[in-house]
Amino acid sequence: SGPIFEFNGVGGEGAPGRPMVGLNYQLGNFVVGAQFDAAFTGIETEASLSVPPFLSAGAKVKLDHMLSASARLGYLINPDTLAYVIGGYTHGRFSAEASFVVPQDVNLSPSDKKSFDRFHVGGGL
């Protein structure tokens, strides 16, 4: 009678709205810049587990928003190629919900919101 274990939306489903502002300034072959961006999303993933008649469980995790501030330092290798490093600070907020149904119709539905604050670093060409 249907799958025992099922993932719905692994990897995330939804779309972000992402405004971004920034400024770059060129000093000879060097480029310095800063940027701020925010992502307000509906991205979520769900998982469910059913072991009839003993257990039915589900979980949903959603990325509510992300905010980032970054600085960039680059070098123009030639007029069309910029090698750069970027780093900064990111704040993200997640929502999580779980549900459990066990025999005798015992229903549990815990939920939580959690924020993460981290530094980020990267590079590109």
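This is a predicted model, so every value here is computed, not measured.

1. Some words on the packing of aromatic side chains
In this structure the tally under the stated criterion is three aromatic pairs. Taking 5.5 Å as the distance between ring centres and 65 degrees as the angle between the ring planes, the aromatic pair formed by Tyr89 and Phe119 counts as edge-to-face. A residue pair is termed long-range when its members are at least 10 positions apart, and Tyr89 in strand β7 (residues 81–102) and Phe119 in strand β9 (residues 111–124) qualify at 30 residues.

2. A few points about a nonpolar patch on the surface
On the surface, Tyr25, Leu27, Phe30, Val32, Leu73, Tyr75, Ile77, Val85 and Leu125 cluster together to form a nonpolar patch covering roughly 920 Å² of accessible area. For the nonpolar patch, the elements supplying multiple residues, two or more each, are β3 (20–27), β4 (30–41) and β6 (55–78). The dominant element in the nonpolar patch, judged by the number of residues it contributes, is β6, at three residues.

3. Structural notes on the environment of Gly74
Here Gly74 lies in strand β6. Residue Gly74 is classed as buried on the basis of its relative accessible area, which comes to 4%. Sequence spacing of Gly74 and Asn29 is 45 residues, and the spatial spacing of their C-alpha atoms is 8.3 Å. Excluding residues that lie within four positions of it along the chain, Gly74 makes contacts with Asn29, Phe30, Val31, Leu82, Ala83 and Tyr84.

4. Considerations on the pattern of salt bridges
With the rule as written, the count across this model stands at two salt bridges. Close ionic contact of Asp37 with Arg18 constitutes a salt bridge, the shortest N to O distance being 2.4 Å. Pair noted here: Asp37 is in strand β4 and Arg18 is in the loop between β2 (16–17) and β3, with a separation of 19 residues, a long-range link. Note that Lys113 is salt-bridged to Asp64, the shortest N-O span being 3.8 Å.

Rules used throughout
- Residues numbered from 1 in each chain as written.
- Predicted model: local features only at pLDDT ≥ 70, side-chain atom pairs only at ≥ 80, totals over all residues.
- Heavy atoms only, no water.
- Phe/Tyr/Trp six-rings, centres within 6.5 Å; stacked < 30°, edge-to-face > 60°.
- Helix = DSSP H or I, 4+ residues; strand = E, 2+ residues; numbered from the N terminus.
- Patch = residues over 30% accessible without salt bridge, like charges linked within 9 Å, V, L, I, M, F, W, Y side chains within 5 Å.
- Areas by Shrake-Rupley, 256 points an atom, 1.4 Å probe, with all protein chains shown as cover.
- Salt bridge = Lys/Arg side-chain N within 4 Å of Asp/Glu carboxyl O.
- Buried < 20%, exposed > 50% of the residue type's maximum accessible area, 1.4 Å probe, protein only.
- Contact = heavy atoms within 4.5 Å.

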